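Now for the letters of each chain:
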Amino acid sequence: MSRILKTALACAAAVGLVSVTAPVANAATQHWGTVYVYDHGGKVGAGYGDFANNGGVYATVGANWVDMLNDGNAIYVQVDFSFWEKDHTGQWDWVIDKSVQSSRNSRFKPVGGPLSTRLHAGATQARADIKVCEDISLTTDICSAHAIVSFSY
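Residues numbered from 1 in each chain as written. Predicted model: local features only at pLDDT ≥ 70, side-chain atom pairs only at ≥ 80, totals over all residues. Heavy atoms only, no water.

> Quick question: what am I supposed to make of unusual backbone geometry here?
Working note: non-glycine residues mostly have negative phi, and peptide bonds are mostly trans. The phi angle at Asn70 is positive, at roughly 55°, despite the residue not being glycine. Summarising the element assignment, Asn70 is placed in the loop between β3 (58-67) and β4 (75-86). For Asn70, a relative accessible area of 38% gives the class partly exposed. Phi angles above zero are rare outside glycine, and Leu138 is one such case at about 65°. In this fold, Leu138 is placed in the loop between β7 (125-134) and β8 (142-143). What makes Leu138 exposed here is its relative accessible area of 92%. (Helix = DSSP H or I, 4+ residues; strand = E, 2+ residues; numbered from the N terminus. Buried < 20%, exposed > 50% of the residue type's maximum accessible area, 1.4 Å probe, protein only.)

Below is the structure:
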């Protein structure tokens, strides 16, 4: 990699414009734009990333998230995975697979990581329903709008 490209990537990563995690997929990636967590009208957290077929084995969300307020309430990403396949009645439908949460982040600096589930052999599409949330003790967490992305395989 050229010195100029390395310097440009380092600068972009320092200001949070690119993910510093390894690429997660070998197929066309579906990006989910930045979503924000609001509390009392102000932005307290944000997240963004991509969703892709990872080697024909996993459906993987590459996520980056940040605590924008640093008020002691950590920020995390939650992904609900589902697959377009025949349900228990034999009808084609989105069948829920599982819900996965990232680690918590209480820093101003963005962190990133993958959230995955195995692809289903009988399915034709995978979908991720993604939201970013503020973890609030002793009450319901506050979450962003949902980012919903999918791919066919």
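Resuming the write-up.
> What should I look at first to understand the pairing of β3 in this one?
A regular strand places its side chains on the two faces of the sheet in alternate fashion. For β3, the tally of buried residues reaches nine of 10 residues, placing the bulk of the element in the interior. Pairing of strand β2 (residues 42-54) with β3 involves 10 bridges; the strand directions are antiparallel. Of the residues in β3, the one forming a bridge with Asn54 is Tyr58. In this structure, the hairpin formed by β2 and β3 is closed by a connection of three residues, where Gly55 is found at a positive phi of approximately 70°. Across eight bridges, β3 lies against strand β6 (residues 111-118) in antiparallel orientation. (Pairing = 2+ DSSP bridges.)

> Looking at this structure, how should I read the side chain of Lys131?
Along the chain, Lys131 falls in strand β7. For Lys131, which is buried and forms no salt bridge, the nearest opposite charge comes from Asp80, at a distance of 5.4 Å. Contacts of Lys131, omitting those with residues within four sequence positions, involve Tyr76, Val77, Gln78, Cys143, Ser144, Ala145 and His146. (Lys, Arg positive; Asp, Glu negative; His and termini not counted. Salt bridge = Lys/Arg side-chain N within 4 Å of Asp/Glu carboxyl O. Contact = heavy atoms within 4.5 Å.)

> Explanation requested: the confidence of the model for the chain in the structure shown.
Atomic detail in the predicted coordinates should be set aside for any region of low pLDDT. Across the chain, pLDDT averages 86, with 82% of residues at or above 70. Within the model, the stretch residues 1-26 combines pLDDT values under 50 with 26 contacts to residues more than four positions away or in other chains. (pLDDT = per-residue confidence, 0-100.)

> Any chance you could explain the nonpolar core here in plain terms?
One broad trend across soluble globular proteins is that nonpolar side chains are buried collectively. Counting 25 residues, the largest nonpolar core has Trp32, Phe51, Val61 and Ile130 as the members making the most contacts within it. When residues of this core are assigned to their parent elements, the largest contribution, five residues, is made by β4. (Core = buried A, V, L, I, M, F, W, Y, C linked by side-chain atoms within 4.5 Å.)

> What exactly am I supposed to notice about the state of the cysteines here?
The bond known as a disulfide is covalent and runs between the sulfur atoms of two cysteines. Taken as a whole and assessed by the stated rule, the structure comprises one disulfide. Two residues share a disulfide in this structure: Cys133 and Cys143, whose sulfurs sit 2.1 Å from each other. One quick way to see it: the torsion about the S-S bond of Cys133 and Cys143 is about 105°, and its sign makes the bridge right-handed. In this pair, Cys133 sits in strand β7 while Cys143 sits in strand β8, placing the two residues 10 residues apart along the sequence. (Disulfide = S-S within 2.5 Å.)

> Would you take a moment to explain the packing of aromatic side chains for this structure?
Note on aromatic pairs: each is described by the distance of the centres and the angle between the planes. A full pass over the atoms with the stated rule returns five aromatic pairs. Ring centres of Tyr36 and Tyr38 lie 6.3 Å apart, and the angle between their planes is 55°; on these two criteria the pair is classed as tilted. On the basis of relative accessibility, which here comes to 30%, the residue Tyr36 falls in the partly exposed class. Ring geometry for Phe151 versus Tyr153: centroids 6.0 Å apart, planes at 55°, classification tilted. The exposure class of Phe151 is buried, given its relative accessible area of 7%. Taking the relative accessible area as the measure of exposure, Tyr153 reaches 35% and is therefore partly exposed. Looking at Arg104, its charged tip hangs above the ring of Tyr76, at a distance of 3.8 Å from the centre. (Phe/Tyr/Trp six-rings, centres within 6.5 Å; stacked < 30°, edge-to-face > 60°. Lys NZ or Arg CZ within 6 Å of the ring centre and 35° of its normal.)

> When you look at the sheet that holds β2 in this model, what are you seeing that I'm missing?
The antiparallel open sheet is built from four strands, whose spatial order is β1-β2-β3-β6. Two strands bound the open sheet, and with one partner strand each, they are β1 (30-39) and β6. Neighbour-to-neighbour, the strand axes of the sheet open up by a mean angle of 20°, direction not taken into account. Where β1 lies against β2, eight bridges are found, and the strand directions are antiparallel. Bridging from a neighbouring strand, Val37 pairs with Gly45 of β2. (Axes fitted to C-alpha atoms, helices over the stretch in contact; angles between N-to-C directions.)

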